[in-house]
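A look at the structure
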Amino acid sequence: MAWVLIVVAGLLEVVWSVGMKYTDGFTRLWPSLMTGAGIAASMLLLSLAARSLPIGTAYGVWVGIGAAGAAVVGMLVLGEPVSAARIFFVCLLVAAVVGLKATAGH
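These lines cover the structure that appears in this document, whether it is placed above or below. (Residues numbered from 1 in each chain as written. Predicted model: local features only at pLDDT ≥ 70, side-chain atom pairs only at ≥ 80, totals over all residues. Heavy atoms only, no water.)

1. Comments concerning helix H2 (residues 29-49)
- Under the 1.5 Å per step criterion, the end-to-end length of H2 is 30 Å for 21 residues, consistent within 8% with the ideal 30 Å.
- Among all positions in H2, only Pro 31, Ser 32, Thr 35, Gly 38, Ser 42, Leu 45, Leu 46 and Ala 49 are buried. Around the axis of H2, the buried residues are gathered within 165° of arc, so they sit on the same side. Opposite the packed face of H2, turned more than 90 degrees from it, sit the exposed residues Leu 29 and Trp 30.
- For H2, the secondary structure elements touched by its buried residues are helix H1 (2-19) and helix H3 (55-76). (Helix = DSSP H or I, 4+ residues; strand = E, 2+ residues; numbered from the N terminus. Expected span 1.5 Å × (residues − 1). Buried < 20%, exposed > 50% of the residue type's maximum accessible area, 1.4 Å probe, protein only. Arc of directions from axis to C-beta. Contact = heavy atoms within 4.5 Å.)

2. Here we look at the side chain of Ser 32
- Along the polypeptide, Ser 32 turns up in helix H2.
- Ser 32 gets classed as buried once you look at its relative accessible area, which sits at 14%.
- When sequence neighbours within four positions are dropped, the list of residues in contact with Ser 32 reads Thr 23, Phe 26 and Thr 27.

3. Things to note about the environment of Leu 12
- Tracing the backbone through its elements, the reader meets Leu 12 in helix H1.
- Residues Leu 12 and Tyr 59 lie 47 residues apart in sequence; the distance between their C-alpha atoms is 14 Å.
- Residue contacts for Leu 12: discarding those within four places in its chain leaves Gly 38, Ala 41, Ser 42 and Leu 45.

In short, the description is geometric, and any link to function would need to be established separately.
Below is the structure:
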């Protein structure tokens with residue numbers, strides 16, 4: 001169950017990090033509220049998962065999912081540059097997340 005919580009928390013991190021783009025420096029009410037709710041929910045799920053997973057693994061997987069997901073959304077939805085190098089480094093992030101999961105001992 002902890003791994004499900006981490007994956008959902010990581011996906012919520014993608015949502016809130018991309019949502020920050022729409023807050024206009026937290027001057028727009030609804031995007032700011034949605035971003036804040038995403039942050040709170042993501043952190044709550046991370047903290048629940050960290051009850052049974054090593055914090056280094058839980059945090060690393062959470063950050064990796066969020067960073068890779070935000071980069072992919074940026075490239076696919078927000079018109080950010082797409083290059084072979086960017087795709088390669090996103091793949092490295094995914095490999096690191098898989099490696100942390102594989103070596104977590106759970």
